[in-house]
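Summary of the model geometry
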Amino acid sequence: QIYAVVTLIPTGHVASYGQIADLAGLPGRARLAGKALKDSAGLDLPWHRVVRADGTLAFPAGSEKAREQREKLLSEGVTVNNMRADIKRYGWQPDLYTMLHKISS
């Protein structure tokens, strides 16, 4: 269910681990969402659109994965300053149709 929710995050938007867990029917399980994404190697998921609750990128600053996440977000038009995306500006708010028909928890 976590993977299904992540695939719904539109280009140019970000969502937090907690939001992904909530939408997947796992409230309060942000760490589980993070672990699921960590274990998703080889799957075609837009993992780069998932950030921490404050918009900070998921990986340590200076790491290869942090650079990759930053570059992918920038290529989609998401501004990243000091390794942080503006979650208020780019945060994904699924519409009612998505909530009722695309996310089934």
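The structure contained in this document is the topic of the report that follows. Everything numeric here is computed off the predicted structure, so don't read it as measured data. (Residues numbered from 1 in each chain as written. Predicted model: local features only at pLDDT ≥ 70, side-chain atom pairs only at ≥ 80, totals over all residues. Heavy atoms only, no water.)

This next bit is on the pattern of salt bridges. Scanning the model with the defined rule gives five salt bridges in all. The shortest N-O distance in the salt bridge between R49 and E76 comes to 2.7 Å. You can see R49 sitting in the loop between α3 (30-38) and β2 (50-51) and its partner E76 sitting in the loop between α4 (64-75) and β3 (80-81), a full 27 residues away along the chain. Grouping residues by exposure puts R49 and E76 together as buried. We note a salt bridge from R84 to D54, for which the minimum N-O separation is 3.1 Å. Taken together, the residues R84 in strand β4 (residues 84-85) and D54 in the loop between β2 and α4 connect sequence positions 30 residues apart. Residue R84 is classed as partly exposed on the basis of its relative accessible area, which comes to 41%. For D54, a relative accessible area of 40% corresponds to the partly exposed category. (Salt bridge = Lys/Arg side-chain N within 4 Å of Asp/Glu carboxyl O. Helix = DSSP H or I, 4+ residues; strand = E, 2+ residues; numbered from the N terminus. Buried < 20%, exposed > 50% of the residue type's maximum accessible area, 1.4 Å probe, protein only.)

This paragraph deals with the layout of surface pockets. There is about 360 Å³ of room inside the largest pocket. Lining the largest pocket we find 14 residues, and of these Y17, G34, L37, K38 and F59 sit closest to its centre. Sort the elements by how many residues they give to the lining of the largest pocket and α3 lands first, with three residues. Looking at the lining of the largest pocket residue by residue, the class counts come to eight nonpolar, three polar and three charged. (1 Å grid on protein atoms, 1.4 Å probe; cavity = no way out; pocket = protein on both sides within 12 Å on 5 of 7 lines; lining within 4 Å. Points joined across faces, edges and corners; volume = space filled by probe spheres on them. Nonpolar A, V, L, I, M, F, W, Y, C, P; charged D, E, K, R; others polar.)

On the secondary structure map, V5 appears in helix α1 (residues 2-8). With relative accessibility at 1%, the residue V5 sits in the buried group. Separated by 15 residues in the primary sequence, V5 and I20 place their C-alpha atoms 6.4 Å from one another. When residues no more than four places from it in sequence are discounted, the contact partners of V5 are I20, L23, A24, W92 and I103. (Contact = heavy atoms within 4.5 Å.)

Where nonpolar side chains cluster on the molecular surface, the patch consists of L96, M99 and L100 and spans about 320 Å² of accessible area. Relative to the assigned elements, M99 resides in helix α6 (residues 96-102). Assessed through its relative accessible area of 38%, M99 is described here as partly exposed. (Patch = residues over 30% accessible without salt bridge, like charges linked within 9 Å, V, L, I, M, F, W, Y side chains within 5 Å. Areas by Shrake-Rupley, 256 points an atom, 1.4 Å probe, with all protein chains shown as cover.)

Along the chain, S75 falls in helix α4. Classification of S75 as exposed rests on a relative accessible area of 63%. Sequence separation between S75 and T11 is 64 residues; the distance between their C-alpha atoms is 9.6 Å. Among the polar contacts listed, one links the side chain of S75 to the backbone oxygen of K72, at a separation of 2.7 Å. (Polar contact = N/O pair within 3.5 Å; in protein donor to acceptor, adjacent residues only side chain to side chain.)

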